[in-house]
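# Observations on the three-dimensional arrangement
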Amino acid sequence: MSTSTPPSPTQTNAAVPHLVQRLGLFSSTAIVIGSMIGSGIFIVPAEISRGVGSPALLIGAWLVTAVMTIIGALSYGELAAMMPKAGGQYVYLREALGPMWGFLFGWTLFLVIQTGTIAAVAVAFGKFLGVFFPAISSSHWLVHLGHVPALRIGPMVLGNMDIGLNTANLTGIIVVLLLTGVNILGVRLGALVQNVFTTAKTAALLGLVILGFWFGRNPAAIAANFGHNFWQGASWHTLHPVQVGVGGPIAMVGLFTILAVVQTGALFSADAWNNVTFTAGEIRNPKRNLPLSLVLGTVIVISLYIGANFVYLLVLPLHGDPHGATAFARGIQYAAEDRVATAVLQQIFQNGGAFLMAAAILISTFGCANGMILAGARVYYAMSCDGLFFKATSRLHPRSKTPVAALLIQAAWTSFLCLTGSYSQLLDYIICTELIFYILTISCLFVLRKRRPDAERPYRAVGYPVLPALYIGMAAWICVVLLRYKPQFTWPGLLIVLLGMPVYWIWSRRRQEAAAA
């Protein structure tokens, strides 16, 4: 494909391709919803339940996520309306804190956050497709290159993964390449795919909630989870066991600490709501539609998530036996392979439940992968326009007006992560890192209010300065807790960010040399 170099962020040229505003409110909201809903909500509640051991705290964990996500969306809305440019969060960090902070965000996004999530979601698609086609499996190797042994470094364990091509990650790679091709053909086609699959997955999750409330209520589960049992283990004085690091000592922690520890799963399941800001250069009337889509999308998803967790408690007991013979006996805590939603549908429909849930997750993961592929490439495009990424990624296709090279580079790295199997380990490392970038971005509100008081702000953050400050405080507390009790999930991610500093120095020096020439 022939490509042309686009204008710099501060210049326009009618002869040069530029991003075209083709996404309306529905499409931008679909990107928010579609990027958030993957497979996490169907699986993560099992891990959270094992951590908190209380129905009230299971719901409490999701309420913490709800508060943080919605405050984040309300705060980002002001920045998005103020600077509706391709790259979104990268641009906000660059403008308020300096280009290095924008680059470190984009670097981490490319290396781990975006590509690792796409890889995980795409391979999950392959694994659930295996429910219908058993030949598709992570244990069905086509080319097995070997096993990387576990390497223990302090409280962390690195490696311990198989490298090669199996039918599950091959399916994931095919999905990544297919959706990359769709998004190369035009943002309108990519948005159409997103709209269709987001509508389908939202309907599927809503259907799970409705079916659970109407047909799935189990008197035994209700007796076990509600009434006085609902608050069992949720008092201010109850202590909860947490293992420090991998194989480390057991520490007993209080209410606020345990809720922070289990946020690794809940926040990750509700993450990627910020992806719509990456596509700001292609959204019609962005000063209105960006903040509105952020709020609508996050409220819809969080409402469905909390509803789904109440359904899980209505159908299955929270506590269970890991060796139980039935889904009810295993409960939420020990659902087979943590597939809580599948266990719930099996309780309701018996034999057909697993197939119904697998179909819903296939729709969900396909749409999630598409939204993240569409959005992520726009950040690398914006970085390249600033001279901080590969030059080719700043070029748009002359007809489709899409960042072809950025999409292809993203697909190549994602496919590599699929082959190495490293994506799941990498994703364990990033939640604290992501929270730090969210803290920095929301702090941009305070910086820009002071530095640019007269700038046009079509939308002002609701509850400023109290709600943004509350978010920063909550996120900082979670980071402190994770650094203390879950170092295996924190220090590697911080190291990845720090490795971006010398890379930034190299890119910025090249940019200066090019400008001087």
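Residues numbered from 1 in each chain as written. Predicted model: local features only at pLDDT ≥ 70, side-chain atom pairs only at ≥ 80, totals over all residues. Heavy atoms only, no water.

## Side note on the pattern of salt bridges
Tallied over the full model, the rule gives 10 salt bridges. Between Glu 78 and Arg 457 there is a salt bridge whose closest N-O contact spans 3.1 Å. Of this pair, Glu 78 sits in helix 3 (residues 55-82) while Arg 457 sits in the loop between helix 17 (423-451) and helix 18 (466-485), and the two are 379 residues apart along the sequence. Arg 457 matches Glu 78 in its accessibility class, with the two residues each being buried. Between Arg 509 and Glu 513 there is a salt bridge, with the nearest N and O atoms lying 3.7 Å from each other. A residue pair is termed a helical-turn pair when its members lie 3 or 4 positions apart in one helix, as Arg 509 and Glu 513 do in helix 19 (residues 491-516) at four residues. For Arg 509, a relative accessible area of 44% translates into the label partly exposed. The exposure class of Glu 513 is partly exposed, given its relative accessible area of 47%. (Salt bridge = Lys/Arg side-chain N within 4 Å of Asp/Glu carboxyl O. Helix = DSSP H or I, 4+ residues; strand = E, 2+ residues; numbered from the N terminus. Buried < 20%, exposed > 50% of the residue type's maximum accessible area, 1.4 Å probe, protein only.)

## Notes on the packing of aromatic side chains
Within the structure shown, the criterion is met by 25 aromatic pairs. Measuring from ring centre to ring centre gives 4.8 Å for Tyr 76 and Trp 273, while their planes differ by 70 degrees; the resulting arrangement is edge-to-face. Separated by 197 residues along the polypeptide, Tyr 76 in helix 3 and Trp 273 in the loop between helix 10 (263-269) and helix 11 (275-278) bring together distant segments of the chain. Following the ring pairs from residue to residue traces out a cluster consisting of Phe 110, Tyr 380, Phe 389, Phe 390, Trp 413, Phe 416 and Trp 507. Stacked on the ring of Tyr 464, the Lys or Arg Arg 449 has its end atom at 3.9 Å from the ring centre. Between Arg 510 and the ring centre of Trp 507, over which it is positioned, the NZ or CZ distance is 5.5 Å. (Phe/Tyr/Trp six-rings, centres within 6.5 Å; stacked < 30°, edge-to-face > 60°. Lys NZ or Arg CZ within 6 Å of the ring centre and 35° of its normal.)

## Some words on the pairing of strand 3 (residues 240-243)
Along strand 3, the buried face is formed by His 240 and Val 242; none of Pro 241 and Gln 243, which line the opposite face, is buried. As judged from the four bridges shared by strand 3 and strand 4 (residues 250-253), these two strands associate in the antiparallel manner. Residue pairing for strand 4: Pro 241 is matched across the bridge by Met 252. What sits between the antiparallel neighbours strand 3 and strand 4 is a turn of six residues, in which Gly 245 has the positive phi angle 70 degrees. (Pairing = 2+ DSSP bridges.)

## Quick notes on helix 12 (residues 286-315)
Over its 30 residues, helix 12 extends 42 Å from the first C-alpha to the last, a length consistent with the 44 Å expected when each residue adds 1.5 Å. Burial within helix 12 is extensive, with 21 of its 30 residues counted as buried. (Expected span 1.5 Å × (residues − 1).)

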